[in-house]
Each structure stands twice: as C-alpha cells, then as structure tokens.
Amino acid sequence: MPAAATSAPPRARIERRAVHGVLLLDKPLGLSSNEALQKAKRLLRAQKAGHTGTLDPMATGLLPLCFGAATKFSQASLEADKAYRAVLQLGRRTTTGDAEGAVLDERPVSLTAAQVDAALARFVGEIDQVPPMHSALKREGRPLYEYARAGVEVERAARRVRIHRLDLVAWQDDRLEIDVLCSKGTYVRTLAEDLGEALGCGAHLVALRRTASGPLSVEQAITLEMLEQMDETGRDARLLPPDVLVAHWPAVHLTADEAGRFLAGMRRRVDHRDAPAVRVYGPQAGAFLGSAQVRAGELIPMRLLSPPEVLALGVSFNKS
C-alpha cells in the first residue's frame, strides 16, 4: 500500500495587537512593497498597517510603514517629495524600461561630459511624463502592468511632475548614476528612458534605490533581516511616533482644556497664520493629537487620534 501522505503542521495563528507608529524599512530587492509590509506586520503582530507609496520589486530603499494611528497620516508621506539613487544602462532600450524587459534596440554610446550635463539640465523643473505600462497606476480598476503582461497597450495621458534636482553621481562608459529629487508621481523609469533619448543613445533603468521621502531618510531605516533577529521589545523600539510623517508641517500647541476640545472635533481659536495643514499637540512634550488647518485664526480639525490611540501613545491631559 502507498505510504500515507503527510501534511505540514498548521501555521500557528498570530495573536494580533494594537501597534501605533512608523517603521522605516529598507526594502530589499525582489520583494513587492506589499510583501515587505506583510512580513513586517507579522513580525510586529500588528492589527492595522499600510505603506506610503509603492516601490517596484526591483527597487530597494526607504519604505515607511504605518501602523495603527500612523495610518491616518500616511497621505502626507504619499504627497511628499522623494529622493532616489538611479543607475542607467546607456545604449539599450527595453520593453519595460528596466533590466527585466526584452531589448528593443541598441545604439552606440559616444558622449561628452558637456552633453551629459546639458541633458540632465533639460529635465530639471516641471516636465510632462507619460506613465509606463509596467506600473501600478490603475485603469478601470486594473493596474497597468496587468495590461502590459497581456500584451495590451493602454493610452495614458501625460502628467506634470517636478524634478527639483538631478545630479550626476558617476559616469563610466555606458553606465550613468544619478541622484533624483522629485515630486510625487514621478516615474524614475520613465525619466531614465527620456534621458536616454535626450542623449541620443537610449537607456533603461538597471538599479533604483529610494533614499528619502519628505523628511525621512533611508539612513534611519532597518532591514527585514535585522527586524527578524530582534525580540518584540526591540522591534517596538524601532517604531517612530506617527507625527514623523508630518514633521515638515508647522506645529500648533494647545493647553489641556483646548486639547480636549480639539480631540472632540471642536474648532478652536489660535494665534497662528493661515496654513493648509498643521500638526497639533497638547501641553506635554510630544503629545501629538492630529492634524488640522488654520483659516482666519480658527483651528479646524482634519485627522484626529482616537482616545484609545492617545492613551496608547502615552498622552494625558492631567493639569497636575
């Protein structure tokens, strides 16, 4: 008789818990942003989590992960400027704009330093980009990369983005390494292709690393391997408070009484100039309450922490 099939033991169920804060992850090569998020979420046993902007599997670098209360402010990181280190292969175009695609054509590379500098300068400022087919941008509920994999080309409208800085890091033969500081929605893959055309030889992206997102830097980030080697106390210690996502906004500080009313959703009078977004604090140091806008001297609540979130973050409004 054939031997009875053996099945793997069931995976132990993870007991989830309320976790609040931001983990700066150095995403590894080969993982999607969501796969990296799910691994970190399991390690922290977090109930609620989200990331702040997709990095392609071929890209590495800074991926801010939001847990619990911090997810309320993830949009601020999505809207923030991003910084990248990119490596371009000159002289070769591919179907995907990166090293994973098939080669479309090859051209000789014969450039001068002046030509490279002039081409880089052309892309600084506001430019129009056509989003690549191999991207997570959705059309009729489906990401464009699904159409691309099916061999379907979808018409895409050009989008206006801003390149704040475009600096040459290294250039040797047919490899060009650049630093990019850009607005949200910029596709560095498309920038690489357009830069290759401006140089007259074509190009595709062979490496991409996100080095910053708004005020957050990859130098502060931790790898999944490091996180796996820690105990839970160590992992929790790597969480930054939710307000790091909005640290570049002006701050408004309230008294204990005013803070309580603000958390109840009430508008307050403040001595502050008009601002589309501010971070609001109670009287204690670091007592983050949420976000608001200021209009005509009035503080108007936007995204607020809930009472359990306030307590979990160690905030109280005792006057003693």
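Use the structure listed above.
None of these values were measured; they are calculated from a predicted model.

Some words on the overall build of the chain
Link 1 in the chain: The secondary structure content of the chain amounts to nine helices and 18 strands.
Link 2 in the chain: Burial status across the chain gives 46% buried among its 320 residues.
Link 3 in the chain: Partitioning the intrachain contacts of the chain with sequence separation of at least 6 by distance along the chain shows that 68% fall at a separation of at least 24.
Link 4 in the chain: Carbon and sulfur atoms make up 49% of the accessible area of the chain, which totals about 16600 Å².

Focus on the pattern of salt bridges
Link 1 in the chain: Considering all chains together, one arrives at 21 salt bridges under this definition.
Link 2 in the chain: A salt bridge links glutamate 177 to arginine 85, with the nearest nitrogen and oxygen atoms 3.2 Å apart. Taken together, the residues glutamate 177 in strand β11 (residues 175-182) and arginine 85 in strand β4 (residues 82-90) connect sequence positions 92 residues apart.
Link 3 in the chain: With relative accessibility at 23%, the residue glutamate 177 sits in the partly exposed group.
Link 4 in the chain: Classification of arginine 85 as partly exposed rests on a relative accessible area of 31%.
Link 5 in the chain: Its salt-bridge partner being arginine 162, residue glutamate 126 comes within 3.7 Å of it at the nearest N-O pair. Taken together, the residues glutamate 126 in strand β7 (residues 125-129) and arginine 162 in strand β10 (residues 159-172) connect sequence positions 36 residues apart.

A word on helix α5 (residues 188-199)
Link 1 in the chain: The first and last C-alpha atoms of α5 sit 16 Å apart over twelve residues, in line with the 16 Å expected at 1.5 Å per residue.
Link 2 in the chain: Tucked into the core, α5 has its buried residues touching β4, α3 (113-122), β7, β10, β11 and β12 (203-213).
Link 3 in the chain: Within two residues after α5, glycine 200 carries a phi angle of roughly 80°, on the positive side.

Here we look at the nonpolar core
Link 1 in the chain: Of all hydrophobic cores here, the largest spans 29 residues; its most connected members are Leu88, Ile178, Leu195 and Leu199.
Link 2 in the chain: Those elements giving two or more residues to this core turn out to be β4, α3, β10, β11, α5 and β12.
Link 3 in the chain: If one sorts the elements of this core by residue count, α5 sits on top with five residues.
Link 4 in the chain: Residue contacts for isoleucine 178: discarding those within four places in its chain leaves Tyr84, Arg85, Ala86, Leu88, Leu120, Leu166, Asp167, Leu168, Val169 and Leu195.
Link 5 in the chain: By size, the runner-up hydrophobic cluster in this structure holds 20 residues, among which are Leu62, Ala221, Val244 and Val310.

So, the packing of aromatic side chains
Link 1 in the chain: Going through the model one piece at a time under the given rule, you end up with two aromatic pairs.
Link 2 in the chain: Ring centres 5.6 Å apart and planes at 55° place the aromatic pair tyrosine 281 and phenylalanine 288 in the tilted group. Per residue, the accessibility class of tyrosine 281 equals that of phenylalanine 288, and both read buried.
Link 3 in the chain: Taken together, the ring pairs connect Phe73, Tyr281 and Phe288 into an aromatic cluster.

Observations regarding the pairing of strand β17 (residues 288-295)
Link 1 in the chain: Among the eight residues in β17, six count as buried, and that is most of the element.
Link 2 in the chain: Examined bridge by bridge, strand β16 (residues 275-281) and β17 share five bridges and lie antiparallel to one another. By the bridge assignment for β17, valine 280 is matched with glycine 290.
Link 3 in the chain: In sequence, β16 turns back onto β17 through a hairpin of six residues, with glycine 286 there showing a positive phi of about 75°.
Link 4 in the chain: As judged from the five bridges shared by β17 and strand β18 (residues 298-304), these two strands associate in the antiparallel manner. Residue valine 294 lies in a different strand from β18, and its bridge partner there is leucine 299.
Link 5 in the chain: The loop that links β17 with its antiparallel partner β18 comprises two residues; one of these, alanine 296, has a positive phi angle of about 55°.

A closer look at the environment of glutamate 126
Link 1 in the chain: A relative accessible area of 47% places glutamate 126 in the partly exposed class.
Link 2 in the chain: For glutamate 126 and histidine 164, which are 38 residues apart along the polypeptide, the C-alpha to C-alpha distance reads 8.4 Å.
Link 3 in the chain: Discounting residues that sit within four places of it in the chain, glutamate 126 has contacts with Arg160, Val161 and Arg162.
Link 4 in the chain: At a separation of 3.0 Å, a polar atom in the side chain of glutamate 126 contacts the side chain of arginine 160.

Quick notes on helix α8 (residues 256-263)
Link 1 in the chain: If you check which residues of α8 are buried, you get Ala256, Glu258, Ala259 and Phe262. One side of α8 holds all its buried residues, which, seen down the axis, span an arc of 160°.
Link 2 in the chain: Against the buried residues of α8 lie β15 (268-269), β16, β17 and β18.
Link 3 in the chain: Phi for glycine 265, located one or two positions after α8, is positive at around 90°.

Rules behind the numbers
- Residues numbered from 1 in each chain as written.
- Predicted model: local features only at pLDDT ≥ 70, side-chain atom pairs only at ≥ 80, totals over all residues.
- Heavy atoms only, no water.
- Helix = DSSP H or I, 4+ residues; strand = E, 2+ residues; numbered from the N terminus.
- Buried < 20%, exposed > 50% of the residue type's maximum accessible area, 1.4 Å probe, protein only.
- Contact = heavy atoms within 4.5 Å.
- Areas by Shrake-Rupley, 256 points an atom, 1.4 Å probe, with all protein chains shown as cover.
- Salt bridge = Lys/Arg side-chain N within 4 Å of Asp/Glu carboxyl O.
- Expected span 1.5 Å × (residues − 1).
- Core = buried A, V, L, I, M, F, W, Y, C linked by side-chain atoms within 4.5 Å.
- Phe/Tyr/Trp six-rings, centres within 6.5 Å; stacked < 30°, edge-to-face > 60°.
- Pairing = 2+ DSSP bridges.
- Polar contact = N/O pair within 3.5 Å; in protein donor to acceptor, adjacent residues only side chain to side chain.
- Arc of directions from axis to C-beta.

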